[in-house]
Amino acid sequence: MSTLLRFAATAAALAALGVNAQTYQRLGTCPTLGCVFPPDQADFLPGQNFDLRVEVHAPVNGSEAFNNGVADEKFTLTIQREHEKSKAATTFFSKTEPALEKWTFSYYEDLFNKRDNKPTVVNVASKIYRQVALYTPGTYTVTLTYYGKQTTVATWFVRKPVTDPKHHKAKNVLFFIGDGMTISMQTAARLLAHKTINGKYQSLLQMDQMEALGHQMTHSIDSYITDSANSATALQSGHKSTVNALNVYADSSPDPFDDPKIETLAEIFHRVRKGIFGFVSTAFIADATPAAMVAHTRSRGQYADIVDMYLHGMKNYSWPSGAGAEVIFGGGAEQFIPGSGTLGGKDYYKEFQNAGYQVAYDNTGMQKLDNKKKALGIFSVSNMAKWLDRQVYKGNLLNQKNHPTGDKTDAVDQPGLKEMTLKAIDILATRSKAQGNNGWYLMSEAASIDKMMHVLDYNRALGELLELDDTIRASIAHLKKLGIYEDTLIVVTADHGHGFDVFGGVDTKFLAASSSDREKRAAVGVYAESGLSGYTVPPGTSPQNNTVVIGAQGPNFPVQWDPRYAIAAGTVNFPDHRENYTMNVGGPRVPAKVLDAATGNEANPADAPNGFHLDGNLPVGEAQGVHSLTDVAVYANGPGAEQFRGVYSAIDIFFKMADALGLATYSNTTHH
């Protein structure tokens with residue numbers, strides 16, 4: 001049969017099944033009635049543990065209704081390694097036949113069905129093979145056969161490491177994630193903090209000076225716009241997944257914890273090399289990016305369980321323990337203070353203390369922690385304060401009642417990303433040396449680049465980015481001081497992007513003085529009228545001043561944050577809001593809110609009241625901007641950095657870090 005005829009036949013078969021929905025899908029990566037997880041095109045590190053689930057669907061109604069809604073319970077599963085004979089999955093993995101599971105779920109085929117409240121009901125028969133692994137590099141063909149002769153075929157790839165694991169390049173990995181950070185944001189941050197004279201920068205970002213530059217594609221497995229959970233899953237496990245999922249492939253079962261899991265870099269490093277790991281974040285510590293270090297659930301909102309996983313790992317299913325983080329720093333006291341936010345209402349400060357952790361509640365206490373002991377530092381309720389509010393607008397720290405002890409006082413002594421990262425390095429380096437010197441892995445997240453971009457607070461987002469850059473610079477110096485820089489791979493990237501950019505300059509004084517929206521827009525200067533950066537000169541000084549000035553926060557930060565001549569910046573998606581391009585001095589922006597339940601989110605009249613109105617382009621249920629498709633940059637220094645050049649998928653970052661650490665294993669206990 002010709003390629004054209006095969007394509008036509010496939011298209012006809014899919015059309016007959018009614019598989020044409022995009023807004024909603026019956027189940028991601030499962031266009032037929034048979035599902036294999038991990039799905040077609042999955043990549044594995046040799047020896048990486050994973051679960052294998054198969055599902056057979058029988059829609060009761062809708063365009064795919066089949067077999068009177070009775071799911072085939074006699075399906076079979078085979079696996080074939082290239083150049084070898086196919087074997088039953090139980091034989092291939094030396095496993096006993098797992099129990100048959102059955103459940104029912106429903107979904108809407110499209111927006112019309114949702115509007116009319118006409119869900120499609122699906123009956124499911126399923127089995128799951130827990131904790132299996134593939135040890136030999138090559139191609140594997142997985143075939144699920146059901147309803148007689150229907151098949152779903154998945155092709156898997158076990159990658160051959162570039163470097164011999166016995167001669168790996170790096171002992172340690174320091175992994176920075178600027179959540180939501182794009183090159184256009186880095187360009188804007190450079191403009192704000194680094195002086196130009198006649199078009200030439202007099203200083204640069206630390207990221208500008210890294211050894212290797214690459215680009216990663218961020219799209220998820222079943223949608224091209226990702227969130228921070230499945231994007232972090234790609235970075236930490238080498239597998240793409242579904243929005244909201246953490247280190248699992250999202251199945252259709254009702255249990256958010258039984259989905260097929262994938263082993264993460266931290267778990268493999270701990271298991272294979274007895275390396276230690278930790279993570280720090282300016283977000284609440286159960287948020288998606290830190291959670292992706294060791295958590296396994298398809299629902300990132302299971303915060304109490306995620307914190308418990310930090311301590312105990314997976315408890316209900318066979319899995320190598322994910323517990324063992326030596327240092328955890330961030331916000332999110334609501335998941336530690338006993339009450340509704342913790343698992344079983346327990347005091348998780350005490351749970352960690354009972355497991356041998358020191359606990360700190362502020363920067364002063366963190367600096368006093370013993371580097372020889374495990375450490376937990378929780379410094380606020382919810383997300384930590386933003387760099388601008390800690391360093392410039394310090395009054396915004398008051399009246400928050402967010403102290404991590406829950407005593408309703410203010411958390412005014414919060415560390416920044418730099419302080420947390422340097423202390424974490426000290427603890428990991430000290431404890432690694434005491435435990436056999438097997439190396440360490442630290443993830444450091446600048447979380448509020450993303451969080452401030454969501455609320456269109458571009459100044460605060462860029463402040464968070466500059467704090468990240470300052471942290472990278474300080475970490476390099478600190479590693480050199482400790483004598484371990486040459487042993488440490490440093491990687492900097494984002495998990496996804498936002499559609500942000502600078503398109504001109506704006507005279508904020510003229511904008512505020514103008515009356516109509518159309519007149520206010522005349523304050524925006526484009527091309528030649530965009531002018532020069534007012535952020536690198538003292539207040540009241542012309543942006544044409546060619547003197548390099550150091551501001552109150554030191555070099556590599558703006559001299560002033562709210563100049564008359566500001567950047568005109570924006571993002572490609574947004575709710576209804578008003579814009580005046582000035583600093584929101586009183587704290588993070590709230591650009592939109594529900595003023596009338598019947599009309600959804602509208603421009604917040606208290607936000608930028610002297611600005612002009614912008615009609616939103618998002619559904620009225622969205623009060624903030626959303627993520628975008630853009631590729632994001634990857635920077636690297638140190639042993640293995642050369643692998644990070646080029647353009648590649650987000651999952652490749654996992655494989656490149658694993659390769660530098662030599663984590664592939666060929667132990668052949670299952671003969672595969």
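Residues numbered from 1 in each chain as written. Predicted model: local features only at pLDDT ≥ 70, side-chain atom pairs only at ≥ 80, totals over all residues. Heavy atoms only, no water.

Asker: Help me out: how do you make sense of the overall build of the chain in this one?
Answerer: When you go through the chain residue by residue, the secondary structure sums to 17 helices and 28 strands. For 672 residues, the compact-globule formula gives about 26 Å, and the C-alpha radius of gyration of the chain, at 26 Å, lands near that figure. If one aligns the C-alpha atoms of the chain with their principal axes, the spans along those axes are about 80 × 60 × 55 Å. Per-residue burial over the chain gives 58% buried out of 672 residues. For the chain, the share of sequence-separated contacts (at least 6 apart) that also reach a separation of at least 24 residues comes to 73%. Counting every atom, the chain has about 26700 Å² of accessible surface; 52% of that belongs to carbon and sulfur. Side-chain charges of the chain comprise 61 positive and 68 negative groups, with the mean position of each set lying 5 Å from the other. (Helix = DSSP H or I, 4+ residues; strand = E, 2+ residues; numbered from the N terminus. Rg over C-alpha atoms; globule rule 2.2 N^0.38 Å. Buried < 20%, exposed > 50% of the residue type's maximum accessible area, 1.4 Å probe, protein only. Contact = heavy atoms within 4.5 Å. Areas by Shrake-Rupley, 256 points an atom, 1.4 Å probe, with all protein chains shown as cover. Lys, Arg positive; Asp, Glu negative; His and termini not counted. Charge placed at Lys NZ, Arg CZ, Asp CG, Glu CD.)

Asker: In this structure, what is going on with the side chain of His478? I would like to understand it.
Answerer: In this fold, His478 is placed in helix H14 (residues 458-482). Using a relative accessible area of 15% as the deciding quantity, one classes His478 as buried. Leaving out residues up to four positions away in the same chain, His478 has contacts with Leu422, Ile425 and Asp426.

Asker: Which parts of the structure should I look at to understand the pattern of salt bridges?
Answerer: Pairing is possible between side chains of opposite charge, provided their charged atoms come close. Under the definition given, this model contains 31 salt bridges. Where Arg81 meets Glu84, a salt bridge forms, and the shortest distance between an N and an O atom there is 2.4 Å. For Glu84, a relative accessible area of 31% translates into the label partly exposed. Members of the salt-bridge network, linked through shared partners, are Arg53, Glu101, Asp251, Asp258, Asp259 and Arg298. (Salt bridge = Lys/Arg side-chain N within 4 Å of Asp/Glu carboxyl O.)

Asker: Help me understand the packing of helix H6 (residues 265-273) against helix H17 (residues 651-661) in this model?
Answerer: Working note: a packed helix pair is described by the angle between its axes plus the distance between those axes. At a minimum axis distance of 11 Å, the contact between H6 and H17 shows a crossing angle of 15 degrees. Compared by their axis directions, H6 and H17 come out roughly parallel. Along this stretch, H6 crosses H17, giving a crossing that reads as right-handed. Residue-level inspection shows Leu265, Ile268, Phe269 and Arg273 of H6 in contact with H17, the latter providing Phe654, Met657, Ala658 and Leu661. Taken together, the residues of the contact of H6 with H17 break down into 7 nonpolar, no polar and 1 charged. (Axes fitted to C-alpha atoms, helices over the stretch in contact; angles between N-to-C directions. Parallel < 35°, antiparallel > 145°, perpendicular 65-115°, else oblique. Left-handed = near helix turned anticlockwise from the far one by under 90°. Nonpolar A, V, L, I, M, F, W, Y, C, P; charged D, E, K, R; others polar.)

Asker: Help me out: how do you make sense of the nonpolar core in this one?
Answerer: Within soluble globular proteins, side chains that are nonpolar generally end up buried alongside one another. Core analysis: the biggest nonpolar cluster contains 71 residues, and Phe329, Trp440, Ile490 and Val492 have the highest contact counts within it. Element by element, the count of residues in this core is highest for H14, at 9 residues. Membership of the second largest hydrophobic core comes to 65 residues, among which are Ile177, Ala232, Val359 and Leu489. (Core = buried A, V, L, I, M, F, W, Y, C linked by side-chain atoms within 4.5 Å.)

Asker: What's the story with the pairing of strand E20 (residues 500-507) in this structure? I'm lost.
Answerer: A regular strand places its side chains so that they alternate between the two faces of the sheet. Alignment of E20 against strand E22 (residues 565-571), held across 7 bridges, turns out to be antiparallel. In the sheet register, Gly505 faces E22, and the bridge partner there is Ile567. (Pairing = 2+ DSSP bridges.)

Remember that the coordinates give geometry; whether it matters functionally is a separate question.
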